Every structure is written in C-alpha cells, then in structure tokens.
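# Chains, contacts and geometry: an overview
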Amino acid sequence: MKSTREKILRTLLAFPGSTINDMAEAVGINGISIRHHLTSLEAEGLITSAEERHGVGRPRFIYRLSEKGIEEFPTSYLKLTKRLLESLKNRFSTNEFIGLLEEIGSNIANSYKDEIKGKTLEERITLLKSIMTKEGFIVDWEKNEEDYTITSYSCPYYRVRIDHPEICVLDHQLITQILSKPVQIESCIFTGDDHCTYRINMNEKDNSNE
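Residues numbered from 1 in each chain as written. Predicted model: local features only at pLDDT ≥ 70, side-chain atom pairs only at ≥ 80, totals over all residues. Heavy atoms only, no water.

## Points about the environment of E42
Looking at where E42 falls in the secondary structure, it is placed in helix α3 (residues 31–43). Among the residues examined, E42 registers a relative accessible area of 34% and is labelled partly exposed. For the pair E42 and G69, spaced 27 residues apart in sequence, the C-alpha to C-alpha distance is 9.6 Å. Filtering out sequence-adjacent residues up to four positions away, E42 remains in contact with I47, T48, S49 and Y63. (Helix = DSSP H or I, 4+ residues; strand = E, 2+ residues; numbered from the N terminus. Buried < 20%, exposed > 50% of the residue type's maximum accessible area, 1.4 Å probe, protein only. Contact = heavy atoms within 4.5 Å.)

## Description of the nonpolar core
With 33 residues, the main nonpolar core has I150, I175, I178 and L179 as its most contacted residues. Mapped by element, the contributors of at least two residues to this core are α6 (94–110), α8 (121–134), β4 (147–152), α10 (168–179) and β6 (196–201). Setting aside anything within four residues of it in sequence, one finds I178 in contact with A109, Y112, I116, R124, L128 and I131. One finds M23, V27, L41 and Y63 within the second-largest nonpolar core, a separate group that totals 15 residues. (Core = buried A, V, L, I, M, F, W, Y, C linked by side-chain atoms within 4.5 Å.)

## Brief notes about the state of the cysteines
Under the definition given, this model contains 0 disulfides. Cysteine C168 remains unbridged, with the sulfur of C188 as its closest cysteine sulfur at 4.3 Å. Unpaired in terms of disulfides, C196 finds its nearest cysteine sulfur in C188, a separation of 4.2 Å. With relative accessibility at 4%, the residue C196 sits in the buried group. (Disulfide = S-S within 2.5 Å.)

## Details of α6
If you check α6, its first and last C-alpha atoms are 24 Å apart, about what 17 residues at 1.5 Å a residue would give, namely 24 Å. Regarding α6, the residues found buried are F97, L101, G105, S106, I108 and A109. Considering only its buried residues, α6 is in contact with α5 (77–91), α7 (113–116), α8 and α10. (Expected span 1.5 Å × (residues − 1).)

## Structural notes on the pattern of salt bridges
Under the definition given, this model contains 9 salt bridges. In this structure, R199 engages D147 in a salt bridge whose closest nitrogen and oxygen atoms are separated by 3.4 Å. With R199 in strand β6 and D147 in strand β4, this residue pair connects regions lying 52 residues apart in the sequence. What makes R199 partly exposed here is its relative accessible area of 26%. According to the relative accessible area criterion, D147 is buried, its value standing at 12%. Counted as one network, the salt bridges with shared partners bring together D147, E186 and R199. (Salt bridge = Lys/Arg side-chain N within 4 Å of Asp/Glu carboxyl O.)

Below you can see the structure in the form of structure tokens.
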C-alpha cells in the first residue's frame, strides 16, 4: 500500500500546480494533514510552492515537484545512457570515442569560461568544487606544501563506468581545463579505491593559452 507521502508526490507528478484541496481530494485525507506532509516535503526539497491569485480574495498556494522530487521516481536514464555509449563505441574507434568524452568535459568547462578569467589557482579550485557538486560529485580539497589535492568521495557515473571505464576522461578533462594545469590521478573509485584523488602541483606551468 502506498504511503500518504508517495500519494502526494504521485499526484503532483500527474497534476503539477495542484492546490491543497486538490491533493486532499486525490489522496483522501483532510487539508490539515496534507499541509503537514507538504511542509516536510518542501523542507526536503522535493516540492516547491508558489502563490497564485485567482480573482478576488486571498491568493492560494499551488505545488509542484522539484527536480529532486521528479528524480524520486524510477527512470530509464541509466539504460538509455548505457545504450547511447554502447552505440558510440560501436560506431567510432577507441580514440574517437575518448575524444567525444573529452569534448563533453571541455564543453562543461567552457560554460564557466567567463567565471574562470582572472582567478588564482586556489579560486579556480573553489569554483571547480562548486561545479563538480552541481554535476553530482561530493568533493573536497586541501592545500599541501607544494600541491593541492582534490578528493571526490562519490562518482555520479559509477554505474555507467562499470561497463564504460573510458568515461573517467570526462571529469579529468573538466578538472584539467578549469584549473589550466596538469592533473595527476592518484586514486580512483572505479579501480577499487575508497575515493578518487587528483593532485595538482602548484609549481607546474599553466596550460592556459590566454
């Protein structure tokens, strides 16, 4: 039997922009109980709310699933991704396939080109952490005597990498291009390590052509 929480989420998936009364009717509980669940779901970032005016009187609140809320439901993204990568590997040579993955990493980095300009290496590392977090990584970094160490404690591509280990070049290209310095891979989750570690020597020559 579905929980009240799941019923609310499913209602919003099918009918985005529902009101409290809409959901109370669909779920079969009173408005006070619905409000309690909505407060919890919004605090978790699974739904969003907005005021909507409808003629004379007080505005009403309408609710929608957030991106995080939509991700609560099963999808075929993983299957589709694996099928696309398999098709690309069959169509292109290994070098061409890796080149495509590097191009994706470069495209992500290029979308932040204006933000990178004029930044110090440490500022670029801070920006990189923000970018990788948006991409689904859990990242931290530290400064040592002669280098910086970037540690990724999770990999959003892990389940894809099982069949397509070449995808590692994507984030390596992203990191290298954002920092404009050579990046050495010290450890990798895919090869059995607890986390991925990248080392950047602060004295290495800048790769930037600017």
